[in-house]
Each structure stands twice: as C-alpha cells, then as structure tokens.
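Okay, here's what each chain looks like letter by letter:
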Amino acid sequence: MAIKREDITAVVLCGGQGARLHGQDKPLISVESRRIIDYILERLEPQVGQVFLSCSRNVALYEAIGHPVVVDSEPARGPLAGIVEAMQSITSPWMLAVPGDVPFLPNTLVSRLSIDAEQHGVAVPIVDGQRENLFLLANLARRQELAEFYEDGGIAVKYWLDQIAIQPTDLSDIASCFLNVNTPANLNELKQIIESSA
C-alpha cells in the first residue's frame, strides 16, 4: 500500500547561511520573478498533506508564504538541528525533509521513495553515486531514532544514515531534478534553464 499524501508532513529546510552566495537567504532568491521557495512548493505541495518551513532568519517573509514556520534556534548546528526541531511539531505518521535550495525538486519524489520507506521506515535517494542526505522520508519510529542520535551528539543526517546502513533509492534517472543552488555558478545555471524553458 502506498503512503498516503495526507499522512506526510514535509519540512523545507531554509536555515542555511548562503555563505557561497554572499550570505543570501537561498530559498528567497528570485529567479525570473519567482523565488526558489516558490518553485519548490509548486512541486512539493501536491505530494504531501502539510508543509512546514524551517528557517533561522527572515521569519516574517517565510510566515507570509502561508505555511507553518518553525524557527531553527540552533542554525550553527546545521540542517539536522532544523529537522529535529521541526519534528516536535509533526504529528503525521510520515515526515519528508527536503532542502530549500533545490528548485526542481522531483514531482515524483514521494512515490519513488515510498516503497523503500515502507520497507525500512526511512528512505533517501542516491543520484549518480551521491547520496542526497537531506531528502529524507521517515516514519515516526525512525524520526525518534534520529532525534535520539541528535541528542547524543550526532552532528549530521549523513552520519545517522551511515550508522543505520540504509540502502538508498537510486534516482539517477532524474538527476537534473536535484540541482541545488549553492554557488553563483549554480544560480546562473538555474537562470539559463528557466529562461530556455520559458
């Protein structure tokens, strides 16, 4: 049985510092009159029952988007801190974490991860040999494990996934959907893709 959309709460991780983009808040960067977060939500919302935005600054701008906002009180501890903090507000059976700098997030992300998630309680994609640690679909029991890992001093989702030895789901056939905007070059690539498809 496929995981039901209404049983999933997504957490968009918007707490990064944008160090390689001169400190810009990446999800709020506008490209062709739309922000990166707008591109993400367009693809994400049809796949889940609810969306939370995890951020550490520009809180009012995120609140204006219209989804519940969870303020990351420890942004220096990285994305794992934002995930664990947001988990305290999630009551649905499933959580989907996604980074806030991937504008072409796959329309089929949930459906592609669901089989492995149902079997193991957690699923994460691998793309061209690189595991995409922050695209995480996890059930309640696995979320509790992740929280305990963090409370015991764990510093990154990557190390938790290494510890539990989960076999990632190969999504290399849709590798272009995982373009993340980390550098000016990435931002230029995004602009070119959007302009060429307009």
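Residues numbered from 1 in each chain as written. Predicted model: local features only at pLDDT ≥ 70, side-chain atom pairs only at ≥ 80, totals over all residues. Heavy atoms only, no water.

1. As for the pairing of strand 6 (residues 94-99)
Within a regular strand, the side chains alternate between the two sheet faces. This is how the line gets drawn: Each residue is assigned to one of three classes by its accessible area relative to the maximum for its type, calculated with a 1.4 Å probe on protein chains only: buried under 20%, partly exposed between the two thresholds, exposed over 50%. Helix numbering and strand numbering both begin at the N terminus, where a helix is a DSSP run of H or I of at least 4 residues and a strand a DSSP run of E of at least 2. We call two strands paired when DSSP finds no fewer than two bridges between them.
With six of its six residues buried, strand 6 lies for the most part within the structure. The alternating pattern of strand 6 places Trp-94, Leu-96 and Val-98 on one face and Met-95, Ala-97 and Pro-99 on the opposite face, and all of these are buried. Relative to strand 6, strand 1 (residues 8-14) runs parallel, the two sharing six bridges. Each bridged residue has a counterpart across the sheet, and for Ile-8 the counterpart in strand 6 is Trp-94. In terms of strand pairing, strand 6 meets strand 10 (residues 136-139) through four bridges, oriented antiparallel. Residue Ala-97 lies in a different strand from strand 10, and its bridge partner there is Leu-136.

2. Notes on unusual backbone geometry
Positioned with a positive phi, Ser-33 is a non-glycine residue whose angle comes to about 70°. The phi dihedral of Asp-128 is positive, around 50°, even though this residue is not glycine. Structurally, Asp-128 can be placed in the loop between strand 8 (125-127) and strand 9 (130-131).

3. Structural notes on the sheet that holds strand 10
Sheet architecture is open: six strands sit in the order 5-4-1-6-10-7, paired in mixed fashion. In this open sheet, the two strands that pair with only one neighbour each are strand 5 (69-71) and strand 7 (122-123). Here strand 4 (residues 50-55) runs beside strand 5; their pairing, made up of three bridges, is parallel. For Cys-55, the partnering residue across the bridge sits in strand 5 and is Val-71.

4. Quick notes on the environment of Leu-96
Short version of the rule: Here, two residues are considered to be in contact whenever any of their heavy atoms come within 4.5 Å of each other.
Within the element layout of this structure, Leu-96 appears in strand 6. Between the alpha carbons of Leu-96 and Ala-138 there is a distance of 6.5 Å; along the sequence they are 42 residues apart. Setting aside chain neighbours within four positions, we find Leu-96 in contact with Ile-8, Thr-9, Ala-10, Val-11, Leu-44, Val-48, Leu-109, Val-110, Leu-113, Leu-136 and Leu-137.

5. Focus: the state of the cysteines
For clarity, the cut-off: Counting rule for disulfides: a pair of cysteine sulfur atoms within 2.5 Å.
All told, the structure shown has zero disulfides when counted by the stated rule. Counting only cysteine sulfurs, Cys-14 is the nearest neighbor of Cys-55, a cysteine outside any disulfide, at a range of 6.7 Å. Here Cys-55 falls in the buried class, since its relative accessible area comes to 0%. The thiol of Cys-177 is unpaired, and the distance to the nearest cysteine sulfur, on Cys-14, comes to 19 Å. Residue Cys-177 is classed as buried on the basis of its relative accessible area, which comes to 15%.

6. Here's the deal with the pattern of salt bridges
Oppositely charged side chains can pair when the atoms bearing their charge come close. What counts is decided by this rule: Salt bridges are identified by distance alone: a Lys or Arg side-chain nitrogen within 4 Å of an Asp or Glu carboxyl oxygen.
Under the criterion given, the structure shown has eight salt bridges. The residue Glu-145 makes a salt bridge to Arg-142 at a minimum N-O spacing of 3.3 Å. Pair noted here: Glu-145 and Arg-142 are both in helix 5 (residues 140-151), with a separation of three residues, about one helical turn. A salt bridge links Lys-158 to Asp-162, with the shortest nitrogen-to-oxygen separation between them at 3.4 Å. In this pair, Lys-158 and Asp-162 are both assigned in helix 6 (residues 157-164), four residues apart and thus about one turn of the helix distant. Judged by relative accessible area, which is 38%, Lys-158 ranks as partly exposed. Its relative accessible area of 40% is what places Asp-162 among the partly exposed residues. Residues joined in a network through salt bridges with shared partners are Arg-131, Lys-158 and Asp-162.

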